[in-house]
Amino acid sequence: MYSAFFGFSQKPFDVTPDPEFLYLSPGHRETLASLTYGIRERRGFITVIGEVGTGKTTLLHALLGRLNGATRAAFVSNTTMTFDEMLTMVLLDLKLAKPDENLTKVERLQRLNEGARQRLSKGGNVVLLVDEAQNLGRNEMENLRLLSNLETPKHKLIQIVLSGQPELDAKLNQPELRQLAQRIALKRYILPLKKTETFEYVQHRLQTANYTGPPLFNDQAREMIWTYSGGVPRKINVLCDNALLIAYALRRKTIGADVVEEAIRDLSWSPFLNAKEPHAQDIRSVHPLLTGQDLPVSSGNGSKPAGRSPQDSSPGAAIGTALDGGGPTLLLPGVPAGPSPRNGTAGAQTVLKPSQVRQVSRPRLKPWWWEWWNAVSRAMLKEVRIFS
């Protein structure tokens with residue numbers, strides 16, 4: 001919808017795991033290199049562990065594109081299946097079975113073993129990528145361990161990559177799975193992006209979408225993206241996509257803090273939740289690495305967030321949110337700031353620590369469509385009364 005307006009060749013912040021948009025932070029680069037090495041050197045089990053939305057699936061798709069032509073790969077993303085169902089999907093992916101074949105478990109294992117040996121004899125390899133591996137049951141994990149027994153005296157026939165959330169790490173540390181844990185040759189962790197990496201990530205995706213205009217997000221908008229997302233790529237994508245949509249509706253080519261604030265509000269507010277601060281919950285969920293950082297805040301220059309309803313332009317619509325006790329500090333635009341603790345002057349740029357601010361209450365902000373929906377509801381009710 002907004003791609004032509006901003007000059008994008010494609011949407012830059014889709015949440016699909018498109019390897020074309022992969023941003024290789026130092027952590028992602030190391031993980032991808034380790035996966036490539038582990039598969040090439042036939043190391044057997046490899047695990048990739050990271051929080052929700054940190055780019056694990058995108059990394060696996062990028063890995064598929066880097067495997068040589070002699071390597072065959074099977075990708076399993078639905079880990080709620082039984083092991084027998086999973087094994088059937090693996091054979092279909094590797095083209096070692098047909099959809100209409102009804103094989104027993106023994107026959108499926110034998111088919112996989114024979115196919116892997118033939119691939120080895122031709123100098124090739126077989127890789128099994130299991131995404132969302134934290135959902136695997138104990139029986140499925142044990143069967144995967146037994147699957148790794150397909151080997152020759154010198155080579156592992158199948159390389160297995162388990163990718164999942166931190167719950168996978170906890171499962172592998174259980175005494176019942178110690179046999180599997182001992183077989184893991186490489187273990188890599190993916191962490192949220194750092195602040196500078198977050199800014200580079202946004203710019204990388206814009207460049208991949210062939211954006212050639214002036215800076216799209218100003219400095220304060222980027223600060224808010226970092227604070228809200230905590231460096232989690234999926235949250236960055238969702239927030240930036242919503243901000244672009246709002247800016248498109250307002251016909252604005254530069255995205256400021258007011259637009260990002262509106263996007264945060266739209267993502268966080270719900271008519272079914274009686275929350276005093278619509279987006280306070282998301283800000284509380286920022287990654288612990290953000291704790292105690294200094295953030296610049298608006299010093300009350302009279303600007304207000306760009307609202308799209310009468311409620312948004314009221315004095316109570318100015319937002320000021322800060323978390324005490326060591327969390328991230330964030331005062332959004334429109335909140336008058338007092339004298340600066342550093343220079344004692346009012347109206348200057350102010351930098352506050354979490355312990356220096358308190359939460360500022362305000363009336364609940366309603367989204368831009370609120371008045372429109374009320375008008376439609378009243379009109380419908382009026383028609384019902386007439387016809388009744």
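Relevant structure appears above.
For the structure given in this document, a descriptive report is provided here. (Residues numbered from 1 in each chain as written. Predicted model: local features only at pLDDT ≥ 70, side-chain atom pairs only at ≥ 80, totals over all residues. Heavy atoms only, no water.)

Observations concerning the overall build of the chain
Then comes step 1: Across its full length, the chain holds 14 helices and nine strands.
Then comes step 2: Buried residues in the chain amount to 47% of all 388 residues.
Then comes step 3: Of the contacts made within the chain by residues no fewer than 6 positions apart, 77% connect residues no fewer than 24 positions apart.
Then comes step 4: Approximately 19400 Å² of the chain is accessible, and the part contributed by carbon and sulfur atoms is 53%. (Helix = DSSP H or I, 4+ residues; strand = E, 2+ residues; numbered from the N terminus. Buried < 20%, exposed > 50% of the residue type's maximum accessible area, 1.4 Å probe, protein only. Contact = heavy atoms within 4.5 Å. Areas by Shrake-Rupley, 256 points an atom, 1.4 Å probe, with all protein chains shown as cover.)

Overview of the pattern of salt bridges
Close approach of charged atoms allows side chains with opposite charge to pair.
Then comes step 1: All chains considered together, the criterion is met by 14 salt bridges.
Then comes step 2: Here Glu30 and Arg188 are joined by a salt bridge, their closest N and O atoms 3.8 Å apart. Of this pair, Glu30 sits in helix α2 (residues 26–40) while Arg188 sits in strand β5 (residues 184–190), placing them 158 residues apart in sequence.
Then comes step 3: With relative accessibility at 48%, the residue Glu30 sits in the partly exposed group.
Then comes step 4: Among the residues examined, Arg188 registers a relative accessible area of 24% and is labelled partly exposed.
Then comes step 5: Each member of the salt-bridge network shares a partner with another, and the members are Lys11, Asp14 and Asp241. (Salt bridge = Lys/Arg side-chain N within 4 Å of Asp/Glu carboxyl O.)

Some thoughts on the pairing of strand β1 (residues 45–50)
Then comes step 1: Extensive coverage of β1 is indicated by the burial of six of its six residues.
Then comes step 2: Of the two faces of β1, the one holding Phe45, Thr47 and Ile49 and the one holding Ile46, Val48 and Gly50 are both buried throughout.
Then comes step 3: Across six bridges, β1 lies against β5 in parallel orientation. Across the sheet, the residue bridging to Ile49 is Tyr189, located in β5. (Pairing = 2+ DSSP bridges.)

Brief notes about the packing of aromatic side chains
Then comes step 1: Counted according to the given criterion, the structure contains eight aromatic pairs.
Then comes step 2: Both rings, one in Phe5 and one in Tyr248, keep their centres 5.5 Å apart while their planes meet at 75°; by these two values the pair is edge-to-face. In this pair, Phe5 is assigned in helix α1 (residues 3–6) and Tyr248 in helix α11 (residues 233–249), connecting sequence segments 243 residues apart.
Then comes step 3: On the accessibility criterion, Phe5 (13% relative accessible area) is buried.
Then comes step 4: Ring centres 5.6 Å apart and planes at 65° place the aromatic pair Phe8 and Tyr211 in the edge-to-face group. (Phe/Tyr/Trp six-rings, centres within 6.5 Å; stacked < 30°, edge-to-face > 60°.)

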